[in-house]
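Spelled out from the first residue to the last, the chains are:
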Amino acid sequence: MKVLVIGGGAREHALCRSLSLDPDVTAVHCAPGNAGIGEIAELHPVDALDGAAVTRLAEELDAGLVVVGPEAPLVAGVADAVRAAGIPCFGPSREAARLEGSKAFAKDVMAAAGVPTARSYVCTTPEEIDEALDAFGAPYVVKDDGLAAGKGVVVTHDLAAAREHAIACGRVVIEEYLDGPEVSLFAITDGETVLPLTPAQDFKRALDGDEGPNTGGMGAYSPLPWADPQLVDEVMATVLQPTVDELRRRGTPFSGLLYAGLAITSRGVRVIEFNARFGDPETQVVLARLLTPLAGVLRNAAVGALGDEPPLRWSEEAAVTVVVASHNYPDAPRTGDPIEGLDEVAAKDAPRAYVLHAGTRRDGDTVVSAGGRVLSVTATGEDLRQARERAYEAIGRIRLDGAHHRTDIARKAAEAAENSAVGGAAGDAQAAGV
């Protein structure tokens, strides 16, 4: 079949790459895409938030499946428009996507479904904000109720900074701080059947040692050698299936990718947040390890036939992705700088390591930066140590003026796995942090 992917980041590049390797896919199209995606898919200009425009494009291409990558088109109802035209679409409805579009709505769903999460208050006035901040104390966790492109959450010990962010948000969710390492677990669902993917861990802070401001994500790895082998089963039973069941009970079934951001706390697993789409940069490492052809699974979810899908198959290899960010990211990133060394990576490192484009565009024959997170350099290996080495070796070939990246992605997890393999005791959740 022909597949149309909506979006233009590294997540969409990873999706297009996996779809292009699927023997059942005859053509991959992407709108609007980026410089890297253009090498494996045909690009089309489109307003990704315009459901009618996306639907027209899908009809013109005779697409057998549309995959909506980013959250904003989902919250805008693009998947509804495509489905209304009779085209299978992977992505939740506008109503179901409120699970990401409104933190307050997500908290309400979790309460009804009995899903474990942080205690919280929804605040709309300065007085309510002050009461909530005082009730929970530091560290303060303040979340914009709506979409904020991964930058709506502030975690800080600075009361003034927390209050400033809360007031700027308008409607805000203030909640208790959850201790322990974080895990991202994706699940594909058709609104009834839930198919979990392999867990991953991402790195939100901009700088090594988990320092600096929050970002959209500076890297990720999978598998998690320190995680409880029963983690996926536990999250399926206590989080994913109850949430899907509750949304179906409400008459707004969730069909697409349900992303649970989790904290493994001293009191057990707690949900930090839900997203209604594949996460970035975790998608890059999760799909790097997926052996099952992707298109059929996504289409079965889109048409309500996921119950017929056999268990997913996964590579035993590890995967690591490291984000290369532009100058001054995440504040006001500089764009338009030429990127060199991409051909060198393709010639010397592929297929063990490869570059997924995020914020790039073509300027004549030159690829230039066009966003804050510019590239995701992804590598696989027999273990995390080897995958890390390959990823950073490939990064060493890339030249982008003013660029920066973290040097410690998956380092502690790799060290913990090696210590555990030789009889050490470091392979536990405590070693999961950066």
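Provided above is the structure to which this section pertains.
The rules we used
- Residue positions are counted from 1 within each chain, in the order its sequence is given.
- Residues qualify for local features only when their pLDDT is at least 70, as the model is predicted, and side-chain atom pairs are given and counted only at 80 or more; totals for whole chains, interfaces and linings, by contrast, use all residues.
- Heavy atoms throughout the structure, all of them, feed into the side-chain values; hydrogens and water do not.
- A run of H or I in DSSP becomes a helix once it reaches four residues, and a run of E becomes a strand once it reaches two; helices and strands are each numbered from the N terminus.
- When we talk radius of gyration, it's over C-alpha atoms, and the globule rule is simply 2.2 Å times the number of residues to the 0.38.
- Throughout, a contact is declared for two residues whenever any of their heavy atoms are within 4.5 Å.
- Areas reported here follow the Shrake-Rupley algorithm with a probe of radius 1.4 Å; residue values treat only the protein chains shown as occluding.
- Distance thresholds for patches are 9 Å for like charges and 5 Å for nonpolar side chains (Val, Leu, Ile, Met, Phe, Trp, Tyr), applied to residues having over 30% relative accessible area and no salt bridge.
- What makes a salt bridge here is a side-chain nitrogen of Lys or Arg within 4 Å of a carboxyl oxygen of Asp or Glu, nothing more.
- The charge count includes Lys and Arg as positive and Asp and Glu as negative, but it does not include His or the ends of the chains.
- One atom stands in for each charge, and that atom is NZ of Lys, CZ of Arg, CG of Asp or CD of Glu.
- Buried residues are those whose accessible area, probed at 1.4 Å on protein chains only, stays under 20% of the maximum for their type, while exposed residues exceed 50% and partly exposed ones sit between those limits.
- Working convention: axes come from line fits to C-alpha atoms, limited for helices to the stretch in contact. Angles between N-to-C directions cover 0 to 180 degrees.
- Here the word oblique covers every angle except those under 35 degrees (roughly parallel), over 145 (roughly antiparallel) and from 65 to 115 (roughly perpendicular).
- By definition, turning the near helix anticlockwise from the far helix through less than a right angle yields a left-handed crossing, and turning it clockwise yields a right-handed one.
- In the scheme used here, Gly and all other residues not listed as nonpolar or charged are polar, with Ala, Val, Leu, Ile, Met, Phe, Trp, Tyr, Cys and Pro taken as nonpolar and Asp, Glu, Lys and Arg as charged.
- Between N or O atoms, a polar contact is any pair within 3.5 Å; within protein, one atom must be a potential hydrogen donor and the other a potential acceptor, and residues adjacent in sequence are included only when both atoms are from side chains.
- Two strands are counted as paired when DSSP detects at least two bridges linking them.
- In these notes, a set of buried Ala, Val, Leu, Ile, Met, Phe, Trp, Tyr and Cys residues joined through side-chain atoms within 4.5 Å is what counts as a nonpolar core.

A. Just the overall build of the chain, in detail. From N to C terminus, the chain includes 14 helices and 22 strands. Since a compact globule built from 434 residues should have a radius of gyration of about 22 Å, the 21 Å found for the chain is in line with a globular shape. Along the longest, intermediate and shortest principal axes, the C-alpha atoms of the chain span 55 × 50 × 45 Å. Of the contacts made within the chain by residues no fewer than 6 positions apart, 69% connect residues no fewer than 24 positions apart. For the chain, the exposed area adds up to about 17100 Å²; of that, 48% sits on carbon and sulfur atoms.

B. Highlighting a negative patch on the surface. A cluster of acidic side chains, namely Glu127, Glu128, Glu131 and Asp134, defines a negative patch on the protein surface. Tracing the backbone shows Glu127 in helix α7 (residues 126-136). For Glu127, a relative accessible area of 53% puts it in the exposed group.

C. Representation of the packing of helix α1 (residues 10-20) against helix α10 (residues 282-289) within the structure. At a minimum axis distance of 8 Å, the contact between α1 and α10 shows a crossing angle of 15°. In terms of their interaxial angle, α1 and α10 are classed as roughly parallel. Taken as a pair, α1 and α10 cross one another with a handedness that is left-handed. Here Ala10, Arg11, Ala14, Leu15 and Ser18 of α1 come into contact with α10, specifically with Thr283, Gln284 and Leu287. Across the contact of α1 with α10, the residue classes break down as four nonpolar, three polar and one charged.

D. A look at the side chain of Asp202. Turning to its location among the elements, Asp202 is positioned in strand β12 (residues 201-202). Polar side-chain contacts of Asp202 include one of 3.2 Å to the side chain of Lys204. If sequence neighbours within four positions are ignored, Asp202 has contacts with Ser184, Gly219, Ala220, Pro281 and Glu282.

E. Structural detail: the sheet that holds strand β7 (residues 140-144). If you walk across this open sheet you meet the four strands as β6-β9-β7-β8, and the pairing is antiparallel. Only two strands of the sheet have a single neighbouring strand rather than two, namely β6 (120-123) and β8 (153-156). Going across the sheet, the axis of each strand differs from the next one's by a mean of 20°, ignoring polarity. Across four bridges, the pairing between β7 and strand β9 (residues 172-175) is antiparallel. Counted as the bridge partner of Val141 is Glu175 from β9. Strands β7, β8 and β9 of the sheet are contacted by helix α8 (residues 159-169), whose axis makes an angle of about 15° with β7.

F. Looking closely at the nonpolar core. In terms of nonpolar packing, the biggest core is built from 78 residues, with Leu4, Val66, Leu99, Tyr221, Leu240 and Val320 touching the most fellow members. If near-sequence neighbours (up to four positions away) are discounted, Leu4 is found in contact with His29, Cys30, Ala31, Val54, Leu57, Ala58, Leu61, Ala63, Leu65, Val66 and Val67. Core analysis: the next-biggest nonpolar cluster, separate from the first, contains 40 residues, Val5, Val28, Leu65 and Leu294 among them.

G. A look at unusual backbone geometry. Going from Asp280 to Pro281, the amide bond is cis rather than trans, its omega being 25°. Among the structural elements, Pro281 can be located in the loop between β17 (268-275) and α10. The amide bond that connects Ala350 to the next residue, Pro351, takes the cis arrangement and shows omega of 0°. With a phi close to 60°, Asp210 is a non-glycine residue in the positive phi region. Within the element layout of this structure, Asp210 appears in the loop between β13 (205-207) and β14 (211-214). The class for Asp210 is partly exposed, based on a relative accessible area of 39%.

H. Region of interest: helix α2 (residues 51-61). Listing the buried residues of α2 in full gives Gly51, Ala53, Val54, Thr55, Leu57, Ala58 and Leu61. Packing partners of the buried residues in α2 comprise β1 (2-7), β2 (27-32), β4 (65-68) and α4 (78-84). Sitting at the head of α2, Asp50 places a side-chain oxygen 3.1 Å from the backbone nitrogen of Ala52. Of the residues one or two after α2, Asp62 is the one with positive phi, at around 55°.

I. Seen up close, the sheet that holds strand β3 (residues 42-43). With parallel pairing, five strands are arranged side by side in an open sheet as β3-β2-β1-β4-β5. The sheet terminates laterally at β3 and β5 (89-90), the two strands that pair on one side only. When β4 meets β5, the two strands line up parallel, connected through two bridges. When the sheet's bridge partners are listed, Val66 is paired in β5 with Cys89. With respect to the sheet, α2 is in contact with β1, β2 and β4, its orientation differing from that of β1 by roughly 155°. Contacts from helix α11 (residues 294-302) reach β4 and β5 within the one sheet, and its direction differs from that of β4 by about 90°.

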